[in-house]
Amino acid sequence: MPYRTILMFGPPGAGKGTWGNVLKQIPGMYHFSSGDMFRALDPSSPMGKVTLESLRHGELVPDEQAITLWREQMKRLVDFGEFDPLNHYLILDGLPRTSAQVDMVKDDLDVQVIVALDCPDRDVLVQRLYRRALMQHRADDAKEETILKRFEVYDERTEGVLRHYSANLIHKIDVSHPPPRILAEIGQALSDHLG
């Protein structure tokens, strides 16, 4: 059965992981971060090598590999009882990232709402990424050239992805606002669509 899904979009530094972790505290919510999935790969494995090379250059992981890996992870979570499709909403952060991926997961996902986090001043996000690079030792956040490439790839691909979904499912949230306001706006989006 398709997973009842909340898609979370946002360029690097927009807070997808932060807000996904906040929302997973709500009963019945399960947060899955594709970025965490990729970073957890063994860097010496064939999949790990391809993934790390893509991330180092600010590129996306190839579609087929990204979706295959995600499906394997989801099956494992269901098999181990960590994610229950009947009783959980899936907060999916970082997938689908391309139009091809939208087609690949259309039978896997029942998209209920899309939370699109962004900031009109991308310099705010760049500063967040520098801080994250220092605190979490994230090499993909440390170089401005890589960051700008990631923004460019995000903007280019996301516009095409969002066109696949009804506009009334998409809620744009400005993450330069104070956290309580961001939380209230996310909560309102979920309330409007999930009841």
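If you're wondering where the values come from, they're calculated on a predicted model, not measured in any experiment.

**Remarks on the packing of aromatic side chains**
Next, step 1: Using the criterion set out here, one finds 3 aromatic pairs in the structure.
Next, step 2: Their ring planes at 80° and their centres at 6.2 Å tell us that tyrosine 3 and tryptophan 70 sit as a pair that is edge-to-face. Within this pair, whereas tyrosine 3 is found in strand β1 (residues 3-9), its partner tryptophan 70 is found in helix α4 (residues 63-79), the two being separated by 67 residues in sequence. Of the two residues examined, tyrosine 3 and tryptophan 70, each falls in the buried class.
Next, step 3: Tyrosine 3 gets classed as buried once you look at its relative accessible area, which sits at 13%.
Next, step 4: These aromatic residues form a ring-pair network of at least three members: Tyr3, Tyr30, Trp70 and Phe83.
Next, step 5: A cation over an aromatic ring shows up here: arginine 4 above the ring of tyrosine 89, its NZ or CZ 4.1 Å from the ring centre.
Next, step 6: It is arginine 122 that lies over the ring of phenylalanine 151; its NZ or CZ is 5.0 Å from the centre.

**Some words on the side chain of aspartate 108**
Next, step 1: You can see aspartate 108 is positioned in the loop between α5 (99-105) and β4 (109-118).
Next, step 2: With relative accessibility at 17%, the residue aspartate 108 sits in the buried group.
Next, step 3: Polar contacts involving the side chain of aspartate 108 include one to the side chain of arginine 71, which spans 2.8 Å.
Next, step 4: In contact with aspartate 108, not counting residues within four places along its chain, are Pro2, Tyr3, Trp70 and Arg71.

Cut-off values and rules
- Residues numbered from 1 in each chain as written.
- Predicted model: local features only at pLDDT ≥ 70, side-chain atom pairs only at ≥ 80, totals over all residues.
- Heavy atoms only, no water.
- Phe/Tyr/Trp six-rings, centres within 6.5 Å; stacked < 30°, edge-to-face > 60°.
- Helix = DSSP H or I, 4+ residues; strand = E, 2+ residues; numbered from the N terminus.
- Buried < 20%, exposed > 50% of the residue type's maximum accessible area, 1.4 Å probe, protein only.
- Lys NZ or Arg CZ within 6 Å of the ring centre and 35° of its normal.
- Polar contact = N/O pair within 3.5 Å; in protein donor to acceptor, adjacent residues only side chain to side chain.
- Contact = heavy atoms within 4.5 Å.

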